[in-house]
Amino acid sequence: MQTKRLMLLGVFLLGMFLIAATDGTAHAEDAQWRARFWNNKNQSGDPVLERHDSSIDFNWGDGAPAANVNDDNFSARWNRTVNFDPGTYRFTATMDDAMRVYLDGNLIIDSWTDSQEHTLTKDVYVSGGEHALKVDYYEAGGVAIARFSWQLVQPAGATSGSGGGAFYPNWKAEYFNNTTLSGAPALVRDDAYMDNDWGLGSPAPGVINNDYFSARWTKTISGDPGTYTVIMTSDDGSRLYVNNVLLIDNWAVQGPTTKTATYNYTGGPLLVRVEYFDQTGGAEIEVHLISTSGGAVTIPSQPTGSGNNSCGPYAGSIAYVNVASLNFRDGPATAFPIIQTLPQCTAVELTGYRNPVGTNAGDWVQVVLLDSGQVAWAALDYLSTEVPTSSLTVLSD
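This is a predicted model, so every value here is computed, not measured.

Visitor: Explain the sheet that holds strand E3 (residues 56-61) to me, please; I cannot follow it from the model alone.
Guide: Ordered in space as E3-E10-E5-E8, the four strands form an open sheet in which the pairing is antiparallel. Every other strand in the sheet has two partners, leaving E3 and strand E8 (118-126) as the edge strands with one partner each. Looking at each pair of strands side by side, their axes are set apart by 20 degrees on average, direction ignored. In terms of strand pairing, E3 meets strand E10 (residues 144-155) through five bridges, oriented antiparallel.

Visitor: What am I meant to see in the side chain of Glu174 here?
Guide: With respect to the helices and strands, Glu174 occurs in strand E11 (residues 171-176). For Glu174, a relative accessible area of 14% corresponds to the buried category. The contacts of Glu174, once residues within four sequence positions are left out, are Pro185, Leu187, Val188, Ser214, Ala215 and Arg216.

Visitor: Hey, could you run me through the nonpolar core in this one?
Guide: Side chains of a nonpolar character, in soluble globular proteins, are inclined to be buried together. Trp78, Phe91, Trp217 and Val274 are the most contacted members of the largest nonpolar core, which has 60 residues in total. When residues no more than four places from it in sequence are discounted, the contact partners of Val274 are Trp171, Met194, Ala215, Arg216, Trp217, Met232, Arg239, Leu240, Ile285 and Val287. Counting residues in each nonpolar core, the second largest holds 17 residues, with Ala319, Phe328, Val365 and Ala376 among its members.

Visitor: Got a minute to help me understand the sheet that holds strand E16 (residues 237-242) in this structure?
Guide: One key point about sheets: their strands pair by backbone hydrogen bonds, in either a parallel or an antiparallel sense. With antiparallel pairing, the six strands of this open sheet are ordered in space as E12-E11-E14-E19-E16-E17. For this open sheet the edge positions go to strand E12 (187-191) and strand E17 (245-250), each flanked by a neighbour on one side alone. Taken over all neighbouring pairs, the strand axes of this sheet differ in orientation by 15 degrees on average, direction set aside. Alignment of E16 against E17, held across five bridges, turns out to be antiparallel. Residue pairing for E17: Val242 is matched across the bridge by Val245.

Here is what the cut-offs are and how they apply
- Residues take numbers from 1 onward in each chain, read along the sequence in its written order.
- Given that this is a predicted model, residues contribute local features only at a pLDDT of at least 70 and side-chain atom pairs are listed and counted only at 80 or more, while totals for whole chains, interfaces and linings are drawn from all residues.
- Just so you know, side-chain values use all the structure's heavy atoms and leave hydrogens and water out.
- Strands are labelled as partners when DSSP assigns at least two bridges between them.
- Each helix is a run of DSSP H or I of at least 4 residues and each strand a run of E of at least 2, with the numbering of both proceeding from the N terminus.
- Here an angle of 0 to 180 degrees is reported between the N-to-C directions of two axes, which are lines fitted to C-alpha atoms, with helices fitted over the stretch in contact.
- Throughout, exposure labels follow a simple rule: accessible area from a 1.4 Å probe, protein chains only, divided by the maximum for the residue type, with under 20% read as buried, over 50% as exposed, and the rest as partly exposed.
- Contacts are residue-level and defined by heavy atoms, with any inter-residue pair within 4.5 Å sufficient.
- In these notes, a set of buried Ala, Val, Leu, Ile, Met, Phe, Trp, Tyr and Cys residues joined through side-chain atoms within 4.5 Å is what counts as a nonpolar core.

Pasting the structure below:
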């Protein structure tokens, strides 16, 4: 009996020790995220899956996170404690559809609506020590993407940081759901090109309005001294500043309107700022910089078809994908099955053939996929090459 009592006492003391060890106010940094998944969009009821994730970096496509989780109409929550050094951090969330991010219970990123893939960032000063992070997510339908990360952009006590260049290697783009660039931006992201035609749509469906929105792009550039011509087209209004001096003023409700200006560049960094608004109807903004005295072109345009390539170098019959991703198909039309999808600047080799004369005459070319050796077809408008279309042989049926 005495032995049994001692065993029970030992079990009790061990239990009390474990409770004390796991319920203290100071928590060690969690090495992983505690993840829970629900088969609904609002995290209600008991989760159908609990696990630990080393990171939040998921592209499930049209699939599900796990066998017992829905393909669509599911939600998730990740919790973690992190020991931060003091400083300003940039928190970045990429989602399709929705995400909310909390730091110590405070909502710092909020995009809780059905949407397509988009990215939001938030700069927050974080004191040194342990802080609680919570990420809520839901997927409504179609593609499912959930990514979250952070990076120190300015240590405590520093007078400058490195976040801008690291996070916005191209254009830092800020989008507003008003026409006056007012308040906090609804979306901040990196835009590769200043060459956008959204038509009647939105720059970020589900996040930014189709109409009555505005945007600001900033970039620091440098190049060879010389004389440059700046060409800007917009529907509706736009303005362009160089080192905070207004160079082009095209700020009006209007259809597509082009204005130009000449700039004599003597060297050194240039802060370029482009502002834009769309009221109703079509929405587009394009900015091109052309050297008129032999200097380097430092504002790249988006590549658009044959002969305009920013990937390079050219070599014989090589062509490059000039859009974010391109489907290569089994035949010269979208009705044919996809063989492979390749990202921007992937090289392929032209076979020398284009599609037969017909509805899409001249629009499709035959290529060899260099990684597999397969023959496929792609729309010529989405490839950059120096090979003239007229030199390609029509491949008859």
